[in-house]
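# Notes for the structure review
Chain residues, written in single-letter form:
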Number of protein chains: 2
Amino acid sequence: MSDQKHWSAEPYELLRVQPGFRLSEQRTDGTPGFDGDKKSGEKALARGGERLADLQEQLFACGREGEPRSVLLVLQAMDTAGKGGIVSHVIGAMNPGGVHYAGFGKPTPEELAHDFLWRVWREVPAAGQVGVFDRSHYEDVLIGRVRELASAEELERRYGAINAFEKELAQSGTAVIKVMLHLGKDEQKKRLASRLERPDKYWKFNPADVDERLRWDAYQEAYQVVFDRTDSAYAPWFVVPADHKWYARIAVQQLLIHALEGLDLEWPQPDYDVEEQRRRLEQS
Amino acid sequence: MSDQKHWSAEPYELLRVQPGFRLSEQRTDGTPGFDGDKKSGEKALARGGERLADLQEQLFACGREGEPRSVLLVLQAMDTAGKGGIVSHVIGAMNPGGVHYAGFGKPTPEELAHDFLWRVWREVPAAGQVGVFDRSHYEDVLIGRVRELASAEELERRYGAINAFEKELAQSGTAVIKVMLHLGKDEQKKRLASRLERPDKYWKFNPADVDERLRWDAYQEAYQVVFDRTDSAYAPWFVVPADHKWYARIAVQQLLIHALEGLDLEWPQPDYDVEEQRRRLEQS
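Residues numbered from 1 in each chain as written. Chains lettered and ligands numbered in written order. Predicted model: local features only at pLDDT ≥ 70, side-chain atom pairs only at ≥ 80, totals over all residues. Heavy atoms only, no water.

## Quick notes on the overall build of chain A
Helices and strands together make up the secondary structure of chain A, namely twelve helices and five strands. For a compact globule of 284 residues, the expected C-alpha radius of gyration is about 19 Å, and chain A comes in at 20 Å, within 12% of that figure. Its C-alpha atoms give chain A principal-axis dimensions of about 70 × 45 × 45 Å. Split into buried and exposed, the 284 residues of chain A put 54% on the buried side. Residue pairs in contact within chain A that sit at least 24 positions apart in sequence constitute 83% of those at least 6 positions apart. Here chain A has roughly 12700 Å² of accessible surface; of this, 46% comes from carbon and sulfur atoms. The centroid of the 38 positive side-chain charges in chain A is displaced by 5 Å from the centroid of its 47 negative side-chain charges. (Helix = DSSP H or I, 4+ residues; strand = E, 2+ residues; numbered from the N terminus. Rg over C-alpha atoms; globule rule 2.2 N^0.38 Å. Buried < 20%, exposed > 50% of the residue type's maximum accessible area, 1.4 Å probe, protein only. Contact = heavy atoms within 4.5 Å. Areas by Shrake-Rupley, 256 points an atom, 1.4 Å probe, with all protein chains shown as cover. Lys, Arg positive; Asp, Glu negative; His and termini not counted. Charge placed at Lys NZ, Arg CZ, Asp CG, Glu CD.)

Here's what the structure looks like:
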């Protein structure tokens with residue numbers, strides 16, 4: 001673990017979906033493994049950001065030298081759970097030149113004219129990149145199931161297709177981390193209400209958010225099925241309590257650090273003669 | 001100007017390429033308009049980062065509501081001038097979800113099979129985005145001229161094509177800002193040498209950097225022609241002294257803030273009935 005201070009256990013272990021996992025039994029307001037308050041959490045975020053930026057630079061350097069490794073963070077959650085804040089405050093600490101962000105909204109007609117994985121394939125991270133999916137192919141088995149946009153048979157097919165896709169990614173060098181930000185229903189109500197209080201927040205509110213909220217239980221069930229069917233050793237799921245935004249940020253940050261450290265990166269060897277280049281430079 | 005402290009004049013005015021501008025007369029080690037040292041520069045960068053992030057969020061919000069406006073920052077420079085640091089430290093302060101970064105390297109065979117603007121068009125920012133070009137279509141008239149990769153006639157054609165392209169961008173709602181980081185030749189030598197001193201920096205060095213360095217004067221001339229031919233009211237050029245990295249960062253940050261402020265953004269009006277949605281939410 002990169003940051004022993006305050007962390008009594010590794011989020012990678014604590015928040016990992018295990019066999020027999022039940023989403024309905026998970027608290028949303030905890031701070032598992034972190035023995036500190038919001039203020040120490042914010043300090044931990046700043047420290048972790050430096051570590052993350054260093055690791056990402058190393059990944060980028062390796063990618064430039066032809067190593068095929070990359071990282072993909074998949075973010076899923078109910079509205080207002082804090083995906084945007086994770087992107088700003090966790091992903092934002094890394095060099096934008098090495099980050100590939102992709103937000104997946106309502107599919108376009110062109111996207112709908114292809115298999116559901118088509119638009120996702122186009123956005124997978126290249127060698128050396130940290131990819132971030134803000135929503136993802138999981139929408140196709142979440143809203144797809146809740147709103148019955150696909151038949152039961154098609155949904156079955158999709159779980160299998162997702163597993164095959166993620167296995168392919170992992171085998172070609174991408175460390176895949178899937179995160180569900182787990183928000184409490186009451187907390188969501190508060191957050192949605194706050195968007196209706198200030199004119200500079202109105203744009204973040206969408207009446208469809210309430211429509212989806214009215215299907216809360218069905219979404220929780222759809223997530224449970226997702227965990228049951230698509231958690232795997234090569235693309236593990238993590239459920240991160242999200243009522244405390246500060247906790248969710250440091251937890252996801254630690255997951256990313258863990259994934260990057262797991263790549264055992266080393267700085268690339270030069271493919272030129274260092275002494276010879278020093279001489280050339282000196283004479284230039 | 002968003003940050004009166006230490007700035008005695010607006011970088012947007014001071015660093016703007018003016019009629020009769022001569023690159024050869026510009027100092028690379030100055031800090032025009034900023035009455036402070038490195039430490040106050042770093043504080044200014046932190047303050048400016050918050051302002052920039054706020055403006056970018058507003059641009060993003062407007063984009064979501066269908067307003068066509070966006071911003072494009074074009075970064076050009078000799079090697080080691082600090083483009084990467086600008087991307088990390090200036091662009092990095094904004095939400096990655098609203099930033100579109102594109103690095104342009106040596107063209108691929110597919111890119112070479114198209115007009116030089118083809119790959120550039122694919123990367124222009126969408127409505128609501130801040131786009132960043134790390135190198136750009138200007139390579140095609142810089143290395144293109146210095147290395148004689150294109151005929152004189154073709155180069156002539158490209159200046160015109162670039163002006164037409166940038167005019168189209170501006171007229172469709174994109175505020176274009178073009179920055180040359182202006183580095184001293186001695187400073188470049190130091191920076192290249194430092195990359196040959198540490199194994200964790202070797203990957204940043206490329207023997208081709210010395211090849212280009214040997215053509216320093218030809219590049220300076222090529223930049224002069226670029227300014228003469230492609231500076232325009234709709235897509236202005238700025239030359240930023242870059243020997244002091246901290247100065248170049250706050251200067252480019254101020255240019256971006258100026259461009260965003262110039263859009264006169266307002267928070268979008270809600271396209272739903274706020275009271276009605278409050279009631280729906282309350283009952284949910």
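## Remarks on the relation of the copies chain B and chain A
Once chain B has been moved 0.0 Å along the axis and rotated by 180°, it coincides with chain A to within an RMSD of 0.0 Å. Expressed as an axis order, the relation between the two copies is that of a two-fold axis. When C-alpha positions in chain B are compared against the rotation axis, the closest is assigned to B:Gly92, at 3.0 Å. A share of 100% of interface residues in chain B that are also interface residues in chain A marks the association as one of identical surfaces. (Least-squares fit on C-alpha atoms with pLDDT ≥ 70 in both.)

## Re empty space enclosed by the protein
Residue and element names in this part refer to chain B. Counting across every chain of the model gives one cavity of 30 Å³ or more. If you add up the space inside the largest cavity, you get close to 40 Å³. If you trace the largest cavity, you find it lined by Ala81, Gly82, Ile86, Ala242, Lys245, Ala248 and Arg249. Looking at the lining of the largest cavity, the element that brings in the most residues is helix H11 (residues 245-261), giving three residues. Partitioning the lining of the largest cavity into residue classes produces four nonpolar, one polar and two charged. (1 Å grid on protein atoms, 1.4 Å probe; cavity = no way out; pocket = protein on both sides within 12 Å on 5 of 7 lines; lining within 4 Å. Points joined across faces, edges and corners; volume = space filled by probe spheres on them. Nonpolar A, V, L, I, M, F, W, Y, C, P; charged D, E, K, R; others polar.)

## Thoughts on the sheet that holds strand E1 (residues 70-77) of chain A
Residues and elements named next belong to chain A. If you walk across this open sheet you meet the five strands as E2-E3-E1-E4-E5, and the pairing is parallel. With one partner strand each, in any of the chains shown, strand E2 (99-103) and strand E5 (237-241) form the two edges of the open sheet. Across this sheet, the average inter-strand angle for adjacent strands is 20°, counted without regard to direction. (Pairing = 2+ DSSP bridges. Axes fitted to C-alpha atoms, helices over the stretch in contact; angles between N-to-C directions.)

## Quick notes on the environment of B:Lys245
Here B:Lys245 lies in helix H11. Put simply, B:Lys245 and B:Pro207 are 38 residues apart on the chain and 23 Å apart in space, counted from C-alpha to C-alpha.

## What about the packing of aromatic side chains?
All names here are of chain A. One pass over the full model with this rule turns up 28 aromatic pairs over all chains. Ring geometry for Phe104 against Phe133: centres 5.0 Å apart, planes inclined by 85°, an arrangement best described as edge-to-face. Taken together, the residues Phe104 in the loop between E2 and helix H4 (109-112) and Phe133 in strand E3 (residues 130-134) connect sequence positions 29 residues apart. With relative accessibility at 0%, the residue Phe133 sits in the buried group. (Phe/Tyr/Trp six-rings, centres within 6.5 Å; stacked < 30°, edge-to-face > 60°.)

## What to know about the sheet that holds strand E4 (residues 174-182) of chain B
Residue and element names in this part refer to chain B. Here we have five strands laid out as an open sheet, ordered E2-E3-E1-E4-E5, and parallel in their pairing. In the strand order of this sheet, the two ends are held by strand E2 (99-103) and strand E5 (237-241), each with one partner. Along the sheet, successive strands turn relative to each other by an average axial angle of 20°, direction set aside. Pairing of E2 with strand E3 (residues 130-134), which is carried by five bridges, proceeds in the parallel orientation. Within the sheet, the bridge partner assigned to Gly103 lies in E3 and is Asp134. Those strands touched by H11 are strand E1 (70-77), E4 and E5, and its axis lies near 155° from that of E5.

## Overview of the packing of helix H6 (residues 139-146) of chain B against helix H10 (residues 216-230) of chain B
All names here are of chain B. As a packed pair, H6 and H10 sit with axes 9 Å apart at the nearest point and diverge in direction by 140°. Compared by their axis directions, H6 and H10 come out oblique. As H6 packs across H10, the resulting crossing turns out to be right-handed. Contact with H6, carried on its side by Val141, Leu142, Ile143, Arg145 and Val146, involves Ala218, Tyr219, Glu221, Ala222, Tyr223, Val225 and Val226 of H10 and no other residues of that element. A breakdown of the residues in the contact of H6 with H10 according to their chemical character gives ten nonpolar, no polar and two charged. (Parallel < 35°, antiparallel > 145°, perpendicular 65-115°, else oblique. Left-handed = near helix turned anticlockwise from the far one by under 90°.)

## Description of the interface of chain B and chain A
Facing the 41 residues of chain B at the interface are 41 residues of chain A. Counting every contact that joins chain B to chain A gives four salt bridges. A salt bridge links A:Asp211 to B:Arg280; the nearest nitrogen and oxygen atoms lie 2.4 Å apart. Where chain B touches chain A, the interface holds 18 residue pairs in polar contact (both at pLDDT 80 or more). Counting residues per element, the side of chain B that touches chain A draws most heavily on helix H12 (residues 274-283) of chain B, which supplies six residues. A per-class count over the side of chain B that touches chain A returns 22 nonpolar, seven polar and twelve charged. (Salt bridge = Lys/Arg side-chain N within 4 Å of Asp/Glu carboxyl O. Polar contact = N/O pair within 3.5 Å; in protein donor to acceptor, adjacent residues only side chain to side chain.)

## Section: the pairing of E3(B)
Residue and element names in this part refer to chain B. Buried residues dominate E3, accounting for five of its five residues. The side-chain alternation of E3 yields two buried faces, one formed by Val130, Val132 and Asp134 and the other by Gly131 and Phe133. Of the strand pairs in this sheet, E1 and E3 are connected by five bridges, and their pairing is parallel. Note that in E3 the partner of Leu73 across the bridge is Val132.

## Re the confidence of the model for chain A
Here chain A shows a mean pLDDT of 96. Residues at 70 or above account for 99%. Prediction confidence for the complex, expressed as pTM and ipTM, is 0.93 and 0.89 respectively. (pLDDT = per-residue confidence, 0-100.)

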